[in-house]
Amino acid sequence: MDRALSLAATPGVPLGPNPRVGCVLLSADGEVVGEGYHRGAGTPHAEVDALAAAGAAASGATAVVTLEPCDHTGRTGPCTQALLAAGVRRVVHAMSDPNPLAAGGAATLRAAGVEVSGGLAEAEARALNRAWLHGLTHARPFVTWKLAATLDGRSAAADGTSRWVSGPESRLDTHRLRAEADTMLVGTSTILVDDPLLTVRDAHGAPLPHQPLRAVMGLRDLPADARVLQPVPGAPDTLHLRTRDVHGALAALYDAGRRHVFCEGGPTLAAALWEADVVDEVVCYTAPMLLGAGRSAVADLGVTTIADAVRPEVVDVTRVGDDVRWTLRPRR
Ligand code: AOF
Ligand code: ZN
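Draft legend 1. Geometry of a nonpolar patch on the surface. Together, Leu301, Val303 and Val310 line one region of the surface with nonpolar side chains, adding up to about 200 Å² of accessible area. Its location among the elements puts Val303 in the loop between β13 (295–296) and β14 (313–320). The partly exposed category is assigned to Val303, whose relative accessible area is 35%.

Draft legend 2. A look at the pattern of salt bridges. Tallying each qualifying case throughout the model produces 17 salt bridges. Between Glu264 and Lys146 there is a salt bridge, and its shortest N-O distance comes to 3.3 Å. Highlighted residues: Glu264 in the loop between β11 (260–263) and α10 (267–275) and Lys146 in strand β6 (residues 142–150), separated in sequence by 118 residues. Relative accessible area serves as the criterion here: at 17%, Glu264 is assigned to the buried category. Between Arg176 and Asp173 there is a salt bridge, with the nearest N and O atoms lying 2.9 Å from each other. One end of the pair, Arg176, and the other, Asp173, are both in helix α7 (residues 168–180), 3 residues apart, so they sit about a helical turn from each other.

Draft legend 3. Main features of the packing of aromatic side chains. As enumerated under the stated definition, the model contains 1 aromatic pair in all. Ring geometry for Trp145 and Trp274: centres 6.0 Å apart, planes at 90 degrees, overall edge-to-face. Taken together, the residues span a long stretch of sequence, with Trp145 in strand β6 and Trp274 in helix α10 at a distance of 129 residues. Here Trp145 falls in the buried class, since its relative accessible area comes to 5%. One cation-aromatic arrangement involves Arg259 over Tyr254; the distance from NZ or CZ to the ring centre is 3.8 Å.

Draft legend 4. Representation of the side chain of His93 within the structure. If you trace the backbone, His93 turns up in strand β4 (residues 90–95). Among the polar contacts made by the side chain of His93, one reaches the main-chain carbonyl oxygen of Met95 at a distance of 3.3 Å. Other than its neighbours up to four places away in sequence, His93 contacts Met1, Val65, Leu67, Glu68, Pro69, Ala106, Val116, Ser117, Gly118, Gly119 and Leu120.

Draft legend 5. Layout of the domain arrangement of the chain. Each domain of the chain was delimited in the assignment, giving domain 1 (2–128) and domain 2 (133–329). A straight line from the C-alpha centre of domain 1 to that of domain 2 covers 34 Å. Between domain 1 and domain 2, the residue contacts involve 9 residues of the former and 6 residues of the latter. Both faces considered, domain 1 and domain 2 share a buried interface measuring about 610 Å² in area, 65% of it formed by carbon and sulfur atoms. Joining domain 1 to domain 2, the criterion identifies 0 salt bridges. Inspection of the domain 1/domain 2 interface yields 1 residue pair in polar contact (both at pLDDT 80 or more). Counted by class, the side of domain 1 that touches domain 2 contains 4 nonpolar, 3 polar and 2 charged residues.

Draft legend 6. Molecular detail of the environment of Ser296. For Ser296, the location among the structural elements is in strand β13. Classification of Ser296 as partly exposed rests on a relative accessible area of 34%. Each C-alpha atom, one on Ser296 and one on Pro267, is 6.8 Å from the other, the two residues being 29 residues apart in sequence. Look past the residues within four positions of Ser296 in its chain and what remains in contact with it is Gly153, Ser155 and Pro267. Reaching out from Ser296, the side chain makes a polar contact with the backbone oxygen of Val298 at a distance of 2.8 Å.

Draft legend 7. Local environment of the site of ligand 1. Neighbouring ligand 1 are 17 residues, the closest being Asn18, Ala46, Arg75, Asp97 and Asn99. Between ligand 1 and the protein, one listed contact pairs an oxygen atom with a side-chain N or O atom of Asn18 at 2.7 Å. For ligand 1, an oxygen atom lies 3.2 Å from a polar atom in the side chain of Thr76. Considering ligand 1 on its own, with 490 Å² of exposed area, one finds that the protein chains cover 96% of that surface. The class makeup of the residues in the shell around ligand 1 is 7 nonpolar, 7 polar and 3 charged.

Draft legend 8. The arrangement of the sheet that holds β11 in detail. Judged by pairing direction, the sheet is mixed, and its 8 strands sit side by side in the order β10-β9-β8-β11-β6-β12-β15-β14 without closing on themselves. On the outer flanks of this sheet lie β10 (239–241) and β14, each paired with one strand and no other. The mean angle between the axes of side-by-side strands here comes to 20 degrees, regardless of whether they run parallel or antiparallel. Helix-sheet contacts for helix α6 (residues 130–138) involve β6, β11 and β12 (281–287), and the interaxial angle to β6 is about 125 degrees.

Conventions adopted
- Residues numbered from 1 in each chain as written.
- Chains lettered and ligands numbered in written order.
- Predicted model: local features only at pLDDT ≥ 70, side-chain atom pairs only at ≥ 80, totals over all residues.
- Heavy atoms only, no water.
- Patch = residues over 30% accessible without salt bridge, like charges linked within 9 Å, V, L, I, M, F, W, Y side chains within 5 Å.
- Areas by Shrake-Rupley, 256 points an atom, 1.4 Å probe, with all protein chains shown as cover.
- Salt bridge = Lys/Arg side-chain N within 4 Å of Asp/Glu carboxyl O.
- Helix = DSSP H or I, 4+ residues; strand = E, 2+ residues; numbered from the N terminus.
- Buried < 20%, exposed > 50% of the residue type's maximum accessible area, 1.4 Å probe, protein only.
- Phe/Tyr/Trp six-rings, centres within 6.5 Å; stacked < 30°, edge-to-face > 60°.
- Lys NZ or Arg CZ within 6 Å of the ring centre and 35° of its normal.
- Polar contact = N/O pair within 3.5 Å; in protein donor to acceptor, adjacent residues only side chain to side chain.
- Contact = heavy atoms within 4.5 Å.
- Domains from an automatic or database assignment.
- Buried area = accessible area lost by both parts, 1.4 Å probe.
- Nonpolar A, V, L, I, M, F, W, Y, C, P; charged D, E, K, R; others polar.
- Near = heavy atom within 4 Å.
- Pairing = 2+ DSSP bridges.
- Axes fitted to C-alpha atoms, helices over the stretch in contact; angles between N-to-C directions.

The following block contains the structure:
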């Protein structure tokens, strides 16, 4: 199952609205005869991918898969039938399929005489698919708000300069996190003030082969020469969401198949996300630097007294270079 989970976690696949799934086929004597993983909506499911790799060796095999095999015809056919047709005798899966359209695979396989057991490494499989699971429950994307701030909570100096608040290790760490999301969201002000490219780059500054969607929210026009509008290989066309309504913007992204929005917008967008109560995770890099003045990381939240402070729960604190990365989860 560990191997199936690593296959499922293969970086860079454009999943669209689909989960990360990996599958390993084992012969009766425990030898790996096929491996596969899902590469995104419309492409073969992990089980079918592994069956294709195994060919005739799948007969009599055990399928180890990170999600209960599906029992429906969606963009592709039911994996239950593919497993049965290939002669698979046993299925060990991690999480059950929470998607009502596709669920029921375990029961169908059992009824056809296959030995099925579920729940192995379930927590790991769920963690890998937290954005997909969030989407099934809430019908909107999972939202990570990322910020980098000085010890005194400033994200830019008084003259507006904000480059290099956080250190190089944090910036690389941010690119790693961006790559895990499928969408980057900023407000129009960030484009007008910072003119970011919003791509995901590796440690050498080279863009990764698959890029998240770049989305900009707000009513103002974007300058035709804005860097965010420049085409980038592997990146979908930048989406300008001409609205100030956070819920409407997230609904449009969800309908476009987006499941994890990584927000690096400025203080106005950040405050709008809190106002709309859609922040699902906060990643904050605190840099050992004082500015004493300058832009706050988040605009007015309407908090006038300490009792009303927003106090998310601390999930993790890790030193990254000279910075400290906080991972927090709002209490709802
Ligand atoms: C996947 N990949 O490897 C497995 C999935 O209509 P489709 O073909 O895109 O089916 C999507 C559903 O199939 C998905 O929501 C999940 O419930 C189930 N299993 N899906 O995308 C896979 N095994
Ligand atoms: Zn399937």
